[in-house]
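Given next are the chains, with one letter for each unit.
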Amino acid sequence: MTSQKLDLYNGQKMDLIGLGTWKSNPGEVKAAVEAAIDCGYRHIDCAWLYQNEDEIGDAIQVKINQGVVKREELFIVSKLWHIFHDPKDVRTGFSESLKALKLDYIDLYHMHSPMGYQKINQKDYAGSDMSIGVKLKTDQVMFPMDANGPLCSDVDYMDTWKEMEKLVDEGLVKSIGISNFNQYQIDRVCKEGKIKPAAHQIELHPYLTQIDLVEFCQKKGIAVTAYSPFGSPDRPWKPEDEEPIHSNPVIKNIATKVGKSPFQVILRYLNQRNISAVPKSATAKNIQSNIQVFDFKLSDDEMKSISALNKTWRALDFAWDSGHKFFPFAENYKE
């Protein structure tokens, strides 16, 4: 089964279901990407932060060389990490992803968040580097911190954005997007930038429905992608007693009624809101199941009952960044 697609304002088409790759372990992600492409995935969501783009690139080349897929049929996404926000470093961060992915261009390149960090080499750093469930393959400190929190950069995200626009002008990127921005920040990018974001990737699931933010983006012609659509139940810092979203009785009852799994119901709920989703899985069976969501439809009442589960609960609240001047989840945010 192949995914249905979402039209971007610039004419590109993005699959409604993509493969998420955060927390895919070394040795696993190559097999996962190969399995995904074999069963119809064309949208692969990557990031420099995940430290596994080299294996993803290997998998892509295998499938292209086998004749399973052509490069132009794929929709490859990556993201600029916080330490590359300085305009002089944007090209470095991008080039590292492009080289690892073994591609000539990237279809959609997000700014991972509006918050920049200081760029520090491991050999010049005596502090700690926060673990987010990835194995480091870089000589850069991903989360430079001191006793007070992250070592923040004062670089304005608009300066970063304008440097990203050059990647589009040069044909290295087809579209640029944002991730983890608030409405004020989105509005500012739209007003001050030359290129409007093609997409906004945010945490989105039945416990964090983001109704207002999704409507805000879609009215501006900005597509929305849901990361952690199942609430990231395998994140390293998950409390042991946390009940996973897919175990919620409302979702389980709907799943039984429509003859699908709770995971498929969650993905269908997002897709029917015209939201793409990038669920992560490393097992071929689940990868295939996650894309089999286009042969059924949820009723209006079922959609409303799932929306009513909203708790405004974040699996990734970026609490460690709360002191950053561009922290997007601050109440009454202003600049």
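Coordinates for the structure precede this section.
Reference entry: report on the structure contained in this document. Numbering of residues starts from 1 in each chain and follows the order in which that chain's sequence is written. Given that the model is predicted, a residue must reach a pLDDT of at least 70 before its local features are reported, and side-chain atom pairs must reach 80 or more before they are shown or counted; all residues, however, enter totals for whole chains, interfaces and linings. In computing side-chain properties, one takes all heavy atoms of the structure into account and sets aside hydrogens as well as water.

Observations concerning the nonpolar core
Defined as follows: What is meant by a nonpolar core is a set of buried Ala, Val, Leu, Ile, Met, Phe, Trp, Tyr and Cys residues, joined one to another through side-chain atoms within 4.5 Å. Here's how the labels work: a residue is buried when its accessible area is under 20% of the maximum for its type, exposed when over 50%, partly exposed in between, all with a 1.4 Å probe on protein chains only. Per the convention used, a helix needs a DSSP run of H or I reaching at least four residues, while a strand needs a run of E reaching at least two, with both numbered from the N terminus. Here, two residues are considered to be in contact whenever any of their heavy atoms come within 4.5 Å of each other.
One finds V33, W81 and Y109 to be the most contacted residues of the largest nonpolar core, which totals 104 residues. The element best represented in this core is helix α1 (residues 29-38), accounting for six residues. Not counting residues within four places of it along the chain, the set of residues in contact with V33 comprises L19, I44, I56, A59 and I60.

A few points about the packing of aromatic side chains
Definition in use: Centres within 6.5 Å make a pair out of two Phe, Tyr or Trp rings, where for Trp the six-membered ring is used; the pair is then stacked when the planes are under 30 degrees apart, edge-to-face when over 60, and tilted otherwise. Only Lys NZ and Arg CZ are tested; either one counts as a charge over a ring when it is within 6 Å of the ring centre and within 35 degrees of the ring normal.
Applying the stated criterion across every chain yields a total of 14 aromatic pairs. Where Y207 meets W313, the ring centres are 6.3 Å apart and the plane angle is 80 degrees; that geometry is what we call edge-to-face. Of the two residues, Y207 sits in the loop between β10 (199-203) and α6 (211-219) while W313 sits in the segment after α10 (300-307), which places them 106 residues apart along the sequence. For Y207, a relative accessible area of 4% puts it in the buried group. One aromatic cluster in this structure is built from W81, Y117, F143, F318, W320, F327 and F329. Positioned over the ring face of Y157 is R188, at 5.0 Å from the centre of the ring. The positively charged end of K311 is found above the aromatic ring belonging to Y207, 4.2 Å away from the centroid.

Things to note about the packing of helix α7 (residues 249-258) against helix α8 (residues 262-272)
Heads up, the condition is: Simply put, an axis is a line fit to the C-alpha atoms, just over the touching stretch for a helix, and the angle between two N-to-C directions goes from 0 to 180 degrees. For classification purposes, angles smaller than 35 degrees are called roughly parallel, those larger than 145 roughly antiparallel, those between 65 and 115 roughly perpendicular, and all remaining angles oblique.
Put simply, α7 and α8 touch, their axes get as near as 8 Å, and they point 95 degrees apart. Taken together, the axes of α7 and α8 lie roughly perpendicular to each other. Note on element contacts: α8 touches α7 through P262, V265 and I266, opposite I251, K252, I254, A255 and V258.

Side note on the sheet that holds β10
Definition in use: For two strands to pair, DSSP has to find at least two bridges joining them.
Ordered in space as β3-β4-β5-β6-β9-β10-β11-β12, the eight strands form an open sheet in which the pairing is parallel. This sheet does not close on itself; its edge strands, each paired only once, are β3 (19-20) and β12 (275-277). Pairing between strand β11 (residues 223-227) and β12: three bridges, direction parallel. Each bridged residue has a counterpart across the sheet, and for A226 the counterpart in β12 is A277.

Considerations on the environment of N121
Cut-off, in case you're wondering: Identification of polar contacts relies on pairs of N or O atoms within 3.5 Å, with a donor-acceptor requirement for protein atoms, meaning one able to donate a hydrogen and the other able to accept it, and with residues adjacent in sequence counted only if both atoms are side-chain atoms.
Relative to the assigned elements, N121 resides in the loop between β6 (106-111) and β7 (145-146). For the pair N121 and D146, spaced 25 residues apart in sequence, the C-alpha to C-alpha distance is 15 Å. For N121, the contacting residues outside a window of four places in its chain are D139, Q140 and V141. Separated by 3.1 Å, the side chain of N121 and the backbone nitrogen of K123 make a polar contact.

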